[in-house]
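Chain residues, written in single-letter form:
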Amino acid sequence: MPLKSLSPLYGKKVLLLTHSGADVDSFSSAAAIHFSLNGKSKTIIGVPGHLNLPSKAFAERIGVEYKIDPSLANFDAVLCLDFNKAAMLGTMKSAFDSFEGEKFLIDHHVPEKERLAPEKNSLQGKEAISTTELVYSLLKKSRIKIPKKALECIAAGIVTDSAGFLVADHKTFSIMAEVMKAAGIPYGSLVSLFSVEKDFSQKIASLKAARRCRIYKSRESIFVSSDVGAFEADSAAALVRIGADVAFCGYAEKGRIRVSGRVNNSWLREKKFDLASDVFNRLKGFFEGEGGGHAGAAGFNGNGDNIAPVLEKCIALAHEFNSKNLKDAELKEYP
């Protein structure tokens, strides 16, 4: 039976663990539980590596502390939030693997064969738009008062992981209305908690991505790829905004490769495409590394010195999906 409430954490010292480079959904899931279990458990938020910029801004504005790469010593339990692969812990993976205390998991990605926690300690709901939705359901089932700050965290996770409600359904809006009413916060004030202006480097990265991109026609769809030096996720999103149906951006540096993909939401719904399972999870069959994410936003981290073949394989796998059952479907690159 899956995890039914947060009561198994009561009276324990618990590390609330995000994935590496934590986004708002992962971090705010941890923060919502941290605020809500005050007095019932001793909780500390742990972040492997770093927070992304919106998460860092959110942490500062909502006033919650966290530790980067904390030691797992002296914790009774670790609760994994918004990830289901140990590889997403970066340099903390080995420490997590050897942790002998209880392990728990709350996540909304497609379940993996790898299990980070026993089923009785896990809540996985791939139908949920965000992990904070699952956290909210557990908090309600735990019959504890949810503080205003925790409600703001839940709402922030929903907004960011739904891409501003572009991939939301009626359940998401129902939960959001309930949470915002209880929190008593206007939507504009909520968004201001995690909004950050793009700095000069981010803007340059997106513009370079457009200048360097390779453009392909797959049936009537437009796929693009670009070798960028940084901000690969922002760059891929920018290429989708200016016309790509599917965009892949990445780089190789010091023996490591990173690729991010983004998909136009209307194309995603029409094709029933899943960027994580149709492209990035399959990449590890060709390159050393791990991929994962969501249907419309996903990535791959691996080893290598040349990003070109990785980007080419991303395009090929997307074309394979788009042209299935069509023997003569051509992938054409525009000069």
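Right, let's walk through the structure included here. (Residues numbered from 1 in each chain as written. Predicted model: local features only at pLDDT ≥ 70, side-chain atom pairs only at ≥ 80, totals over all residues. Heavy atoms only, no water.)

### Focus on the overall build of the protein chain
Here's step 1: When you go through the protein chain residue by residue, the secondary structure sums to 12 helices and 13 strands.
Here's step 2: Seen through its principal axes, the protein chain has C-alpha atoms that stretch 65 × 45 × 40 Å.
Here's step 3: When each of the 335 residues of the protein chain is scored for burial, the buried share is 50%.
Here's step 4: In the protein chain, 64% of the contacts between residues at least 6 apart in sequence involve partners at least 24 apart.
Here's step 5: When the accessible surface of the protein chain is summed, it comes to about 15800 Å², and 52% of that surface belongs to carbon and sulfur atoms.
Here's step 6: Charge separation in the protein chain, taken as the distance between the mean sites of 45 positive and 39 negative side-chain charges, equals 3 Å. (Helix = DSSP H or I, 4+ residues; strand = E, 2+ residues; numbered from the N terminus. Buried < 20%, exposed > 50% of the residue type's maximum accessible area, 1.4 Å probe, protein only. Contact = heavy atoms within 4.5 Å. Areas by Shrake-Rupley, 256 points an atom, 1.4 Å probe, with all protein chains shown as cover. Lys, Arg positive; Asp, Glu negative; His and termini not counted. Charge placed at Lys NZ, Arg CZ, Asp CG, Glu CD.)

### Examining the pattern of salt bridges
Here's step 1: Under the counting rule described, the total for this entry stands at 12 salt bridges.
Here's step 2: Salt-bridge contacts for Lys-148 lead to Glu-152; the nearest nitrogen and oxygen are separated by 2.3 Å. Remark: Glu-152 and Lys-148 occur in helix H5 (residues 148-161); sequence separation between them is 4 residues, near one turn of the helix.
Here's step 3: With a relative accessible area of 44%, Lys-148 lands in the partly exposed category.
Here's step 4: Take Glu-152: its relative accessible area is 8%, and that puts it in the buried class.
Here's step 5: A salt bridge links Arg-282 to Glu-320; the nearest nitrogen and oxygen atoms lie 3.1 Å apart. Of this pair, Arg-282 sits in helix H11 (residues 275-283) while Glu-320 is found in helix H12 (residues 308-322), placing the two residues 38 residues apart along the sequence.
Here's step 6: Of the residues examined, Arg-282 reaches a relative accessible area of 33% and is grouped as partly exposed. (Salt bridge = Lys/Arg side-chain N within 4 Å of Asp/Glu carboxyl O.)

### Side note on the nonpolar core
Here's step 1: Phe-27, Ile-33, Leu-79 and Ile-106 are the most contacted members of the largest nonpolar core, which totals 53 residues.
Here's step 2: Looking at this core element by element, the count peaks at 8 residues for H5.
Here's step 3: Once residues within four sequence positions are removed from consideration, Phe-27 is found in contact with Thr-18, Ala-22, Ile-45, Val-47, Leu-51, Ser-55, Phe-58, Ala-59, Val-64 and Tyr-66. (Core = buried A, V, L, I, M, F, W, Y, C linked by side-chain atoms within 4.5 Å.)

### Some points on helix H1 (residues 24-36)
Here's step 1: When the terminal C-alpha atoms of H1 are compared, their 18 Å separation across 13 residues agrees well with the 18 Å that a helix rising 1.5 Å per residue should span.
Here's step 2: Counting buried positions over the 13 residues of H1 gives 12, a clear majority of the element.
Here's step 3: Every buried residue of H1 is accounted for by Val-24, Asp-25, Ser-26, Phe-27, Ser-28, Ser-29, Ala-30, Ala-31, Ala-32, Ile-33, Phe-35 and Ser-36. (Expected span 1.5 Å × (residues − 1).)

### Things to note about the side chain of Asp-82
Here's step 1: Position of Asp-82 relative to the elements: it lies in the loop between strand S4 (77-81) and helix H3 (93-97).
Here's step 2: It is Arg-262 that comes nearest to the buried, bridge-free Asp-82 among opposite-charge side chains, at 11 Å.
Here's step 3: Looking at Asp-82, its side chain comes within polar contact range of the side chain of His-108, at 3.3 Å.
Here's step 4: Contacts of Asp-82, omitting those with residues within four sequence positions, involve His-19, Asp-23, Asp-25, Ser-26, Ile-106, Asp-107, His-108, His-109 and Thr-131. (Polar contact = N/O pair within 3.5 Å; in protein donor to acceptor, adjacent residues only side chain to side chain.)

### Describing the layout of surface pockets
Here's step 1: When its volume is computed, the second largest pocket comes out at roughly 260 Å³.
Here's step 2: If you go around the second largest pocket, you meet 17 residues; those closest to its centre are Glu-127, Ala-128, Glu-133, Leu-134 and Ile-175.
Here's step 3: Contributing elements (two or more residues each) for the lining of the second largest pocket: helix H4 (131-141) and helix H6 (170-183). (1 Å grid on protein atoms, 1.4 Å probe; cavity = no way out; pocket = protein on both sides within 12 Å on 5 of 7 lines; lining within 4 Å. Points joined across faces, edges and corners; volume = space filled by probe spheres on them.)

### Looking at the sheet that holds strand S10 (residues 256-263)
Here's step 1: Across the sheet, which stays open at both edges, the 7 strands sit in the order S11-S12-S10-S9-S8-S7-S13 with mixed pairing between neighbours. The sheet is open, and its two borders are formed by strand S11 (289-293) and strand S13 (331-334), each paired with just one other strand. Pairs of neighbouring strands in the sheet enclose a mean axial angle of 15 degrees, with direction left out of account.
Here's step 2: Where S11 lies against strand S12 (residues 297-303), 5 bridges are found, and the strand directions are antiparallel. Directly across from Gly-291, in S12, lies its bridge partner Phe-300. (Pairing = 2+ DSSP bridges. Axes fitted to C-alpha atoms, helices over the stretch in contact; angles between N-to-C directions.)

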